[in-house]
Amino acid sequence: TYAIKFMEIVKPISTQHMPQNAKLVFKGIIFNVYQWEQQGYDGKTKIFEKIKRADTAAVVPITEDGKFILAKQVQPGIQPFIGLVGGRLDEGEEPLDAAKRELLEETGYAAREWLLFDSVQPVSKIDWAVYTFIAKGCHKVTEQNLDGAEKIELFFVNFDEFCEAVLDKEFCDQELRLRLMEAKLDPTKMEAVKLQFAPNSK
């Protein structure tokens, strides 16, 4: 069983509007490219372009004994990296459902409580929302079920070690890194973050 704190999950709005008449000019496996005509300030018409892709759900898992789960990941063609568990939403899938699925697939853990920590569209030229969830009371229920294009090694850290890892410039989930950097500069914000990340009772 699990609990979901009241949360309204609304897709954040991109800073660059893509009009209804934008035309799909390329359809890829991950990225679709749209173009439209836009009148500039000089009165001339230009072609504007924007990419669209599936949204992402990222998860900060916290175990029942208060340990944070991070992932050392290896994927073809890129350097190994450390980040959160998570991945793309399937077509028609809700962000929370994707977060629960990714947590189970990549860690073998399930959570008793879910919180939405942040949602943002990080790149103006890409219609792409990133939802970051906190999963509390995580407990192992099965083995990892990874796809063939990833290797994930889990490691467990306390809150201070978690912050140190996230604030490292090599940490791959930049949205969470920026939020923690802001909190580090403001003791009030950091206390609020600590409260959000506090493990629930068993």
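The structure we're discussing is the one just above.
This one's a predicted model, so the numbers in the text were calculated from it and none came from an experiment. (Residues numbered from 1 in each chain as written. Predicted model: local features only at pLDDT ≥ 70, side-chain atom pairs only at ≥ 80, totals over all residues. Heavy atoms only, no water.)

Read from one edge to the other, the open sheet built from four strands follows the order β2-β3-β4-β11, with strand pairing classed as mixed. A single partner strand is all that each edge strand has here, and the edge strands are β2 (23-27) and β11 (126-127). Pairing between β2 and strand β3 (residues 31-39): four bridges, direction antiparallel. For Lys27, the partnering residue across the bridge sits in β3 and is Asn32. (Pairing = 2+ DSSP bridges. Helix = DSSP H or I, 4+ residues; strand = E, 2+ residues; numbered from the N terminus.)

Inspection of the entire model under this criterion finds eleven salt bridges. Note that Glu143 and Lys140 form a salt bridge whose closest N and O atoms lie 3.5 Å from each other. Accessibility expressed as a relative area gives 56% for Glu143, which makes it exposed. (Salt bridge = Lys/Arg side-chain N within 4 Å of Asp/Glu carboxyl O. Buried < 20%, exposed > 50% of the residue type's maximum accessible area, 1.4 Å probe, protein only.)

As paired strands, β3 and strand β4 (residues 45-53) are joined by nine bridges and run antiparallel to one another. Its bridge partner being in β4, Asn32 is matched across the sheet by Lys52. Between β3 and β4, which pair antiparallel one after the other, the connecting turn spans five residues, and Gly43 there sits at a positive phi close to 85°. Note that β4 and β11 share two bridges and pair parallel. Bridging from a neighbouring strand, Ile51 pairs with Ile126 of β11.

Ranked by size, the top nonpolar core spans 21 residues in total, and within it Val60, Phe68, Leu84, Phe162, Leu176, Leu180 and Phe197 carry the most contacts. With four residues, helix α2 (residues 159-167) is the single largest residue contributor to this core. In this structure, Phe68 is in contact with Val60, Pro61, Ile62, Phe155, Phe156, Val157, Asn158, Phe159, Phe162 and Phe197, ignoring residues within four places of it in sequence. One finds Leu89, Ala135, Ile152 and Leu154 within the second-largest nonpolar core, a separate group that totals 20 residues. (Core = buried A, V, L, I, M, F, W, Y, C linked by side-chain atoms within 4.5 Å. Contact = heavy atoms within 4.5 Å.)

This brings us to the side chain of Thr63. Looking at the element boundaries, Thr63 is found in strand β5 (residues 56-63). There is a polar contact of 2.3 Å between the side chain of Thr63 and the side chain of Asp65. (Polar contact = N/O pair within 3.5 Å; in protein donor to acceptor, adjacent residues only side chain to side chain.)

It is the contact of α2 with helix α3 (residues 174-184), at a shortest axis distance of 9 Å, that shows an interaxial angle of 115°. Between α2 and α3 the crossing geometry is left-handed. Every residue of α3 that contacts α2 at Phe162, Cys163, Val166 and Leu167 is listed here: Leu176, Arg177, Leu180, Met181 and Lys184. Of the residues belonging to the contact of α2 with α3, the class tally is seven nonpolar, no polar and two charged. (Axes fitted to C-alpha atoms, helices over the stretch in contact; angles between N-to-C directions. Left-handed = near helix turned anticlockwise from the far one by under 90°. Nonpolar A, V, L, I, M, F, W, Y, C, P; charged D, E, K, R; others polar.)

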